[in-house]
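Letter by letter, the chains look like this.
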Amino acid sequence: MFVNEWILTMTIDEIKKIEKDKCQRFSAFAKAKLPMPGNKKHLDQILNREIFIVDFRVMESKHRQNSKCLQIQFLLDDEICVTFTGSVVLLDQITSSAEKMPFSAVVTKIDRYYTLS
């Protein structure tokens, strides 16, 4: 049964018995699709500098068809910043470390790819 079906099958008496003060607020569990706040930085601007990664988001790339874009929100010198990248290495590292967030890291460049250390 879908949630919408469940709601539609509730009687008026059942609806009246819902304890509204115990219901979750939508804002408590919904992730907004708005951009993360922060000053935009290019990856080259933060190379070899320690950053404190606080959040991330994976979305479809606007520049490359059928590829992902990683948005990283971080603190750098007490400034909230964001960066965008198509780096598959960074995407894999960040998503596999999501449960450890927030954490500090240094973005380095090895040959043609970026990595966290």
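Use the structure listed above.
Residues numbered from 1 in each chain as written. Predicted model: local features only at pLDDT ≥ 70, side-chain atom pairs only at ≥ 80, totals over all residues. Heavy atoms only, no water.

J.: What am I meant to see in the sheet that holds strand 4 (residues 79–85) here?
T.: Spatial ordering of the open sheet is given by 1-4-3-2-5-6, a layout of 6 strands whose pairing is mixed. Single-partner strands in this sheet number two, and they are strand 1 (39–40) and strand 6 (113–116). Summarising the sheet, strand 1 and strand 4 pair through 2 bridges and their orientation is parallel. Looking at the pairing, Lys 40 lines up with Val 82 of strand 4. Helix 5 (residues 88–96) contacts strand 2 (50–60), strand 3 (68–76), strand 4, strand 5 (103–110) and strand 6 of the sheet and is inclined by roughly 20° relative to strand 6. (Pairing = 2+ DSSP bridges. Helix = DSSP H or I, 4+ residues; strand = E, 2+ residues; numbered from the N terminus. Contact = heavy atoms within 4.5 Å. Axes fitted to C-alpha atoms, helices over the stretch in contact; angles between N-to-C directions.)

J.: For this particular structure, what's the right way to read the nonpolar core?
T.: Within soluble globular proteins, side chains that are nonpolar tend to cluster in buried spots. Counting 19 residues, the largest nonpolar core has Ile 53, Phe 74, Ile 94 and Leu 116 as its most contacted members. Taken together, the elements giving at least two residues each to this core come down to helix 4 (43–46), strand 2, strand 3, helix 5, strand 5 and strand 6. Top element by residues in this core is strand 3. It accounts for 4 residues. Those residues in contact with Ile 94 that sit more than four places away from it in its chain are Ile 53, Phe 56, Leu 70, Ile 72, Met 101, Phe 103 and Leu 116. (Core = buried A, V, L, I, M, F, W, Y, C linked by side-chain atoms within 4.5 Å. Buried < 20%, exposed > 50% of the residue type's maximum accessible area, 1.4 Å probe, protein only.)

J.: I would appreciate a short explanation of unusual backbone geometry in the present structure.
T.: Working note: non-glycine residues mostly have negative phi, and peptide bonds are mostly trans. With an omega of 0°, the peptide bond between Met 101 and Pro 102 qualifies as cis. Positive phi, normally seen in glycine, also occurs at Asn 66, with a value near 60°. With respect to the element layout, Asn 66 can be found in the loop between strand 2 and strand 3. A relative accessible area of 74% means that Asn 66 is categorised as exposed. Phi at Asp 111 takes a positive value of approximately 55°, unusual for a residue other than glycine. In this structure, Asp 111 sits in the loop between strand 5 and strand 6. Look at Asp 111 and you get exposed, because its relative accessible area is 71%.

J.: How should I be thinking about the pattern of salt bridges in this particular structure?
T.: Should the charged atoms of two oppositely charged side chains come close, the side chains can pair. Overall, the coordinates contain 4 salt bridges when judged by the stated rule. Note that Glu 19 is salt-bridged to Lys 22, the shortest N-O span being 3.1 Å. The partly exposed category is assigned to Glu 19, whose relative accessible area is 45%. Among the salt bridges present, the one from Lys 68 reaches Glu 60, with a minimum N-O distance of 2.7 Å. (Salt bridge = Lys/Arg side-chain N within 4 Å of Asp/Glu carboxyl O.)

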